[in-house]
Amino acid sequence: MNRGGNDEGVPGGLGEPAQQLGGEGASGKATSKLTAHSFTPGWTKVSCTCCVSEQVEPLVVVKLGQKVIPETKRWLIKLIGAPQKDGGAGLLAHPGEDATGNIIVLSAPRCTLLRATEELGLCKIYRNGDMEAFAYDDRKHFRDSENMEVFLTSAERQYIIKYELDGLRAQKDLRIPGLLDSCTLQKRDSIWQKLRAAGVVVDIFPLHNPGKLKDLSEAWYCGNQLAQPLDKVNEYFGSSVAFYFSFLDFYTWSLLPPAILGLFIAYFSREVQREMLQSVSSSQAEKVQNEPEPLISGHMLQAVFSMLWSTVVMELWKRRSSSLSYRWGTLNLAERFAEPRPGFHGDLGVNPVTGRMEPLFPEWKRDLRMALVSVPAVGLFLGLVVLGMMCFYWAEAGVKQLHKDWNTMVSQTLLYVPSVLHIVYTNMLATAYRTLAQALTEYENHREESAYDNHLTGKILVFTFFNNFAVLFHIAFFKQDVPLLRKRLASLLIISQVVNQVTEVVIPFLVDRFISAPHRTESKDDPEEDKFRNQGNLPLFPGLFAEYIELLVQFGYLSLFSCIFPLTAVLLLLNNLTEIRSDAYKICKLFRKPFTPPVAGLGVWQLAFEVLSFVSVVSNCWLLLLSPHLQGLSQEAGLSDSNLLMGAVIVEHVLILAKVIMAALIPDEPDWIRKKREHIEYTSMQALKQRVN
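Rules used in this analysis
Here the residue index of a chain counts from 1 through its sequence in written order. With pLDDT at 70 or above as the cut-off, local features in this predicted model cover only qualifying residues; side-chain atom pairs require 80 or more to be listed or tallied, and sums for whole chains, interfaces and linings still use all residues. With hydrogens and water excluded, all non-hydrogen atoms of the structure serve as input to the side-chain values. Pairing of aromatic rings covers Phe, Tyr and Trp, the last counted by its six-membered ring, and requires centre-to-centre distances within 6.5 Å; plane angles under 30 degrees mean stacked, over 60 mean edge-to-face, and any other angle means tilted. Numbering of helices and strands starts at the N terminus; helices are DSSP runs of H or I of at least 4 residues and strands are runs of E of at least 2. For each residue, the accessible area found with a 1.4 Å probe, counting protein chains only, is set against the maximum for its type, and the residue is called buried under 20%, exposed over 50%, and partly exposed in between. Cation placement over rings: the criterion is NZ of Lys or CZ of Arg within 6 Å of the ring centroid and within 35° of the ring normal. Note on definitions: a residue-residue contact is assigned when non-hydrogen atoms from the two residues lie within 4.5 Å. Strand pairing requires that DSSP identify at least two bridges connecting the strands. The way it works is a 1 Å grid over only the protein atoms, where trapped points that fit a 1.4 Å probe form a cavity and open points with protein on both sides within 12 Å along at least five of seven lines form a pocket, and then any residue with an atom within 4 Å of a point lines it. Grid points are joined across faces, edges and corners, and a volume is the space filled by probe spheres set on the points. When residue character is reported, Ala, Val, Leu, Ile, Met, Phe, Trp, Tyr, Cys and Pro are called nonpolar, Asp, Glu, Lys and Arg charged, and the others, Gly included, polar. In this analysis an axis means a line fitted to C-alpha atoms, helices contributing only their contacting stretch, and an angle means the value between N-to-C directions, from 0 to 180 degrees. Orientation is classified from the angle alone, with under 35 degrees giving roughly parallel, over 145 giving roughly antiparallel, 65 to 115 giving roughly perpendicular, and any other angle giving oblique. To estimate how far a helix should extend, the number of its residues minus one is multiplied by 1.5 Å. Starting at the helix axis, one direction is taken to each C-beta atom, and the arc is that of these directions. Here a salt bridge means any side-chain nitrogen of Lys or Arg lying within 4 Å of a carboxyl oxygen belonging to Asp or Glu.

(A) Representation of the packing of aromatic side chains in the model. Scanning the model with the defined rule gives 31 aromatic pairs in all. Between the aromatic rings of Trp 220 and Phe 245, the centroid separation amounts to 4.7 Å while the plane-to-plane angle is 70°, which identifies the pairing as edge-to-face. Note that Trp 220 is positioned in helix α6 (residues 210-220) and Phe 245 in helix α8 (residues 239-254), a separation of 25 residues in sequence. Here Phe 245 falls in the buried class, since its relative accessible area comes to 1%. The positively charged end of Lys 124 is found above the aromatic ring belonging to Phe 151, 5.7 Å away from the centroid. Lying over the aromatic face of Tyr 136, Arg 139 brings its terminal NZ or CZ to 4.1 Å of the ring centre.

Next comes the structure, spelled out in structure tokens:
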């Protein structure tokens, strides 16, 4: 997408005035009425006859700054509508009510959509019914390639518009009409990024389709159905959202086996019942004399099951993920040497790999910024986590002494106050850290979007693991206080879920209902432009970062510590059954529709889940060492502490070996998917050879 303006004030270098839109666009008077499926008058013209259509579907709205004059708006519309060979985006643009309005409505012609489909590496259904990597030169042999509303999903069409706008780059110095000379575009500048920085473009968002959204809502969260309409979610919101809800659904139902086992252990194990009573009432339940104890306790059974369960779940998810990526056409996404992301900046120079003129930023400067700024900042927040943990222990000791002195119902209730306050503190710290992590990653100035996302995710994961599990590991490995660990885990499972439901659903609903909604009142007779603006008044969708973090923390609680609290899976299952519907309601009703790039799976999040799965072996083996039941058995057998520790290390290695063997025996993708993927790769290579020859 090596495009940009070639001449001062116009994108194509032709020196002609902006084309007339609907006959009177240049004069600032009304052009033509915009409807949900507008007829062509008012839209920019297409250069390709095969792209001419009787109706155009508005897909994206660009909101302009209040001080943007009509001359600048006309120039921007022409830039957006100019053919790609002339440096434009090759899109369709409509000025809204008139040339003086503050919105531009966008759509995309067929050829632009098809070329972008090939660039993104999307797979589509070939004439023989199989999925194949789409090739523009072979487009006639792909099913429904004449009908873009069937060939591409709504989310794909909207993302392609953003993709084309982000790819606009100036091929030479270019003056923006109506702006000061200081806002001149330099060669290879990101035009869209510059327009946003100059205040010309203040917002861009994809449009909801009310009819499709209503149908999706009824099939998703309004009824009593248990299955999720994942294909409809993929069509409307894109594969990244669909993969999240697919994983949430898969993970939730995967909690059934450990939940059933936990209930079984809690009901039949007297040892577990005594421990759970202690964690709730803080009183010591007396052990019945001469009570027979089984050789294998419920804790041992839960620990071994959790370690093996986590491996099986992740391996089965890989298989499901590969099947979904094939079905949704993202199995063979292009791994190309991408253009610099819009936020990347540097000194203009020649890229030694591509030979293109583009901003360059030395790698040593980025490394220096990470070493001198990012690492200390992350370390500071990790120190704040330790400080909170120390305050928690101090408060815990204080309320214990208070309860010992008072021994009342009030003092017993106060025993949970330190845990609740610490949970609130860690949640507030996590929110502040996410903002810092985004600023740090932006400051590091990564060239590729993938590098930016990976570094941001890495920062979040390090802090999340430390913030959520540091106290639990300290209690388990250093204080070796299993009752305190059990009480702490119970508090986290209950309080965290309540806090998450309130912050993620209740507060956004109240804000939307009583603050935002009164400003978005509309009727059927209102102009479409006003309805589009109302969609822009909705809050931005915050992304899926917090949702994945919540699932990762849940997975950690279950795989790392569930052996000391068998009802962990039960509480998580109950929470997630409501989480699916609340998340669906939230994305459909409380936020704008997001731009979602096509993805082939969970990405780096899947690796994080697998790492926790292996760490669970060490955690569970150590917790079993602290079990009074196991210590009693070792004393009866005359084993020393060193022999017991050596036995635990041996068991740990055996379990790790078992997890590795299980992972190897369960293929990451079904055999038929492997054959389809290899066939797609082969046909793509053959097509490339033919193009080169």
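(B) Representation of the side chain of Ser 322 within the structure. Within the fold, Ser 322 resides in helix α11 (residues 298-327). When near neighbours in sequence (up to four residues on either side) are disregarded, Ser 322 contacts Leu 331, Asp 668, Glu 669, Pro 670 and Ile 673.

(C) Focus on the pairing of strand β3 (residues 60-64). Among the 5 residues that make up β3, 4 are buried, leaving the element largely enclosed by the rest of the structure. Examined bridge by bridge, β3 and strand β5 (residues 103-107) share 4 bridges and lie antiparallel to one another. The residue bridging Val 60 from the neighbouring strand is Leu 106, located in β5. Sheet topology note: the β3/strand β8 (residues 201-206) ladder contains 5 bridges and is antiparallel. Note on β8: the bridge partner recorded for Val 60 is Pro 206.

(D) Region of interest: the pairing of β5. Counting buried positions along β5 gives 5 out of 5 residues, so the element sits mostly inside the fold. Every second residue of β5 is oriented toward a common face, with Ile 103, Val 105 and Ser 107 on one face and Ile 104 and Leu 106 on the other, all of them buried. Of the strand pairs in this sheet, strand β4 (residues 92-94) and β5 are connected by 3 bridges, and their pairing is antiparallel. Counterpart to Leu 92 in the pairing with β5 is Ser 107.

(E) Region of the structure containing empty space enclosed by the protein. For the structure shown, the criterion picks out 4 cavities of 30 Å³ or more. Counted as a void, the second largest cavity has a volume near 70 Å³. In this structure, the second largest cavity is lined by Thr 153, Ala 155, Glu 156, Asn 234, Gly 238, Ser 239, Trp 328, Thr 330, Thr 596, Pro 597 and Pro 598. Of the residues contributing to the lining of the second largest cavity, the split by class is 4 nonpolar, 6 polar and 1 charged.

(F) Quick peek at the packing of helix α12 (residues 363-406) against helix α14 (residues 417-444). Close contact between α12 and α14 brings their axes to 11 Å; oriented N to C, the two are set at 175°. When the axis of α12 is compared with that of α14, the two are roughly antiparallel. Tallied by class, the residues present in the contact of α12 with α14 amount to 19 nonpolar, 4 polar and 4 charged.

(G) Up close: helix α9 (residues 256-268). With 13 residues, α9 should reach 18 Å at 1.5 Å per residue; the first-to-last C-alpha distance of 18 Å fits that figure. When α9 is considered as a whole, its buried residues turn out to be Pro 258, Ala 259, Leu 261, Gly 262, Ile 265 and Ala 266. Each buried residue of α9 lies within a common arc of 165° when the element is viewed along its axis, so the set occupies one face. Exposed side chains of α9 directed beyond 90 degrees from the buried face belong to Ile 260, Tyr 267 and Phe 268.

(H) Quick look at the pattern of salt bridges. Tallied over the entire structure, the rule returns 22 salt bridges. The salt bridge partner of Lys 212 is Glu 235, with a shortest N-O separation of 3.9 Å. Here Lys 212 is found in helix α6, whereas its partner Glu 235 is found in helix α7 (residues 230-237), with 23 residues between them in sequence. Judged by its relative accessible area of 28%, Lys 212 falls in the partly exposed class. Residue classification places Glu 235 among the partly exposed residues on the basis of a relative accessible area of 23%. A salt bridge links Arg 327 to Asp 231, with the shortest nitrogen-to-oxygen separation between them at 3.1 Å. Here Arg 327, found in helix α11, pairs with Asp 231, found in helix α7; they are 96 residues apart in sequence, far enough to count as distant.

Treat this as a map of the structure, not an account of what it does.
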